[in-house]
Amino acid sequence: MLADRHSLPLSIALHLVPGVLIVAVYLLITEPLVKSIGYPPFLGWAIAMLLALVPFELGLLLWLGRRRNGRFSLRGVVHYQDKPLPRGKLVALVIPLIVWFLVVSTALTPLDDFFYELLFRWVPFEGAGGGVTDVLAGYPKSVMVIALGACIPLTGLSFPIIEELYFRGFLMARLSRLGRWSPVVSTVLFSLYHLWSPWVFLSRLIFFFPGPWFVWQKKDLRVSIGMHAGTTFLLQTLGTIALLLNLMP
């Protein structure tokens, strides 16, 4: 796995296995847990990611780093860090990408709803097909605030950073034989990895692709970290504040 290039079958497996683990942990452990204590499934997914995403993705990176460097280090494991952009250029690139992510993902919500109604109504997850507000509906305000607030440092910040280290810094860097197709394949496989929301596959390809593309073009992993973590952190923080101020419908 520390080779400069991965075979396509190996890369596909390394992209999809964490998604399978997250869904399995959710269905077997965290969905029954959050239901038993009266919390929404949104929190169950966050806990499932804590139990599956972190050990597999970050754990694998650290294990490989220890094998390569003799200590827990990401040097030589996570790429696109050797030629960092100047801070001003990085900020000037990340801010428009965050705006793109927010605007396009919102504009494509009807497309997500269409695919859910057409193909994925059979998905057994509670709250499937709905947004965060739909998933939280029917719960006391205090429960909703705790669920959203607890997820800010997790799904809002830490998990997106780990995903970018793993999917872009580790896996996409080892698709180099594909040339300019590597960010395309990376985005497709990353979208497939989200097995808990397959109806968002097509729109995720569209709103997420610029991040991997610019990482590949600029050779700076911080571009996709900034876009991904910046957007999720902003959405969850503002959503929690809106809920506290009674601004959410």
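As a starting point, this report considers the structure included with it. Owing to the predicted nature of the structure, the values given are computational and were not obtained by experimental measurement.

Some thoughts on a nonpolar patch on the surface
Line of reasoning, step 1. On the surface, Leu-234, Leu-238, Ile-241, Leu-244, Leu-245 and Leu-247 cluster together to form a nonpolar patch covering roughly 570 Å² of accessible area.
Line of reasoning, step 2. One can find Leu-245 in the segment after α11 (222–244).

A closer look at the side chain of Asp-112
Line of reasoning, step 1. Relative to the assigned elements, Asp-112 resides in helix α4 (residues 109–119).
Line of reasoning, step 2. Buried Asp-112, no salt bridge; nearest opposite-charge side chain is Arg-204, N-O distance 7.6 Å.
Line of reasoning, step 3. Those residues in contact with Asp-112 that lie beyond four places of it in its chain are Trp-199, Val-200 and Ser-203.

Things to note about the packing of helix α10 (residues 210–218) against α11
Line of reasoning, step 1. At a minimum axis distance of 8 Å, the contact between α10 and α11 shows a crossing angle of 160 degrees. When the axis of α10 is compared with that of α11, the two are roughly antiparallel. The way α10 lies across α11 gives a crossing that is right-handed. Counting all contacts with α10, which are made through Gly-211, Phe-214 and Val-215, the residues of α11 involved are Val-223, Ser-224 and Met-227.
Line of reasoning, step 2. Among the residues forming the contact of α10 with α11, the class breakdown is four nonpolar, two polar and no charged.

Concerning the packing of aromatic side chains
Line of reasoning, step 1. Taken as a whole, this structure holds 20 aromatic pairs when the rule is applied.
Line of reasoning, step 2. Aromatic side chains Tyr-26 and Phe-125 sit 6.0 Å apart centroid to centroid with 85 degrees between the ring planes, which places their arrangement in the edge-to-face category. Taken together, the positions of Tyr-26 in helix α1 (residues 8–36) and Phe-125 in the loop between α4 and α5 (132–136) put the pair 99 residues apart, joining distant regions of the chain. In this pair, the class of Tyr-26 matches that of Phe-125, namely buried.
Line of reasoning, step 3. It is Arg-66 that lies over the ring of Phe-72; its NZ or CZ is 4.9 Å from the centre.
Line of reasoning, step 4. Against the face of Phe-190 rests Arg-168, its NZ or CZ located 4.5 Å from the ring centre.

Observations concerning the environment of His-15
Line of reasoning, step 1. Of note, His-15 is situated in helix α1.
Line of reasoning, step 2. Classification of His-15 as buried rests on a relative accessible area of 0%.
Line of reasoning, step 3. Spatially, the C-alpha atom of His-15 lies 17 Å from that of Ser-224, the residues being 209 residues apart in sequence.
Line of reasoning, step 4. His-15 has contacts with Phe-167, Leu-171, Ser-186, Leu-189, Phe-190 and Tyr-193, leaving out every residue within four places of it along the chain.
Line of reasoning, step 5. Of note is the side chain of His-15, whose polar atom sits 2.7 Å from the backbone oxygen of Ser-11.

Details of the nonpolar core
Line of reasoning, step 1. Formed by 51 residues in total, the largest nonpolar core has its most connected members in Ile-22, Phe-125, Tyr-166, Phe-170 and Trp-196.
Line of reasoning, step 2. When residues of this core are traced back to their parent elements, those giving at least two are α1, α2 (41–69), α3 (87–107), α7 (154–171), α8 (182–193), α9 (201–208), α10 and α11.
Line of reasoning, step 3. The greatest single-element share of this core, amounting to eight residues, is contributed by α2.
Line of reasoning, step 4. When neighbours within four sequence positions are excluded, Tyr-166 is seen to be in contact with Leu-14, Pro-18, Phe-56, Glu-57, Leu-60, Leu-61 and Leu-171.
Line of reasoning, step 5. The next biggest cluster of nonpolar side chains, apart from the first, holds twelve residues, and it includes Val-34, Phe-42, Leu-43 and Ala-46.

Some words on the pattern of salt bridges
Pairing of side chains with opposite charge becomes possible as their charged atoms draw close.
Line of reasoning, step 1. All chains considered together, the criterion is met by five salt bridges.
Line of reasoning, step 2. Between Glu-117 and Arg-121 there is a salt bridge, with the nearest N and O atoms lying 3.0 Å from each other.
Line of reasoning, step 3. Taking relative accessible area as the criterion, Arg-121 reaches 53% and is therefore assigned exposed.
Line of reasoning, step 4. Measuring nitrogen to oxygen at the nearest pair gives 2.9 Å for the salt bridge that ties Glu-164 to Arg-168. Residue Glu-164 and its partner Arg-168 are located together in helix α7, separated by four residues, close to a single helical turn.
Line of reasoning, step 5. For Glu-164, a relative accessible area of 0% puts it in the buried group.
Line of reasoning, step 6. Its relative accessible area of 0% is what places Arg-168 among the buried residues.
Line of reasoning, step 7. Shared partners join several salt bridges into a network, and the residues in it are Glu-31, Lys-35 and Glu-126.

Definitions and cut-offs
Note that residues are indexed from 1 along each chain, following the sequence as it is written. Totals for whole chains, interfaces and linings use every residue, but because this is a predicted model, local features are given only for residues with pLDDT of at least 70 and side-chain atom pairs only at 80 or more, for both listing and counting. Hydrogens and waters are ignored; side-chain quantities use all the structure's heavy atoms. Patch membership requires more than 30% relative accessible area and the absence of a salt bridge. Residues of like charge join within 9 Å; the nonpolar side chains Val, Leu, Ile, Met, Phe, Trp and Tyr join within 5 Å. Note on areas: these come from Shrake-Rupley sampling with a 1.4 Å probe, and a residue is covered only by the protein chains present in the view. In what follows, salt bridge is the name for a side-chain nitrogen of Lys or Arg lying within 4 Å of a carboxyl oxygen of Asp or Glu. Segments assigned H or I by DSSP are reported as helices when at least four residues long, segments assigned E as strands when at least two residues long, and all are numbered from the N terminus. Each residue is placed in one exposure class: buried if its accessible area under a 1.4 Å probe, protein chains only, is under 20% of its type's maximum, exposed if it is over 50%, and partly exposed if it falls in between. For the charge count, each Lys or Arg is scored as positive and each Asp or Glu as negative, with His and the chain ends excluded. When checking whether two residues touch, look at their non-hydrogen atoms; a contact exists if any pair is within 4.5 Å. Axes, fitted as lines to C-alpha atoms, cover a helix only where it is in contact. Angles between the N-to-C directions of the axes lie from 0 to 180 degrees. Should an angle lie under 35 degrees it is considered roughly parallel, over 145 roughly antiparallel, and from 65 to 115 roughly perpendicular; all remaining angles are considered oblique. Crossing handedness is defined as follows: a turn of the near helix away from the far one that is anticlockwise and smaller than a right angle gives a left-handed crossing, while the clockwise case is right-handed. In this count, Pro and Cys sit with the nonpolar residues alongside Ala, Val, Leu, Ile, Met, Phe, Trp and Tyr, while Asp, Glu, Lys and Arg are called charged and the others, Gly among them, polar. We call Phe, Tyr and Trp rings a pair once their centres come within 6.5 Å, taking the six-membered ring for Trp, and we label the pair stacked below 30 degrees between planes, edge-to-face above 60, and tilted otherwise. We count a charge as sitting over a ring when the NZ of a lysine or the CZ of an arginine lies within 6 Å of the ring centre and within 35 degrees of the ring normal. Contacts described as polar in this section are N or O atom pairs within 3.5 Å, which, within protein, must combine one atom able to donate a hydrogen with one able to accept it, while residues neighboring in sequence count only if both atoms come from side chains. Side-chain atoms within 4.5 Å link the members of a nonpolar core, which is a set of buried Ala, Val, Leu, Ile, Met, Phe, Trp, Tyr and Cys residues.

Interpretation note: all reported values are geometric properties and have no functional meaning in isolation.
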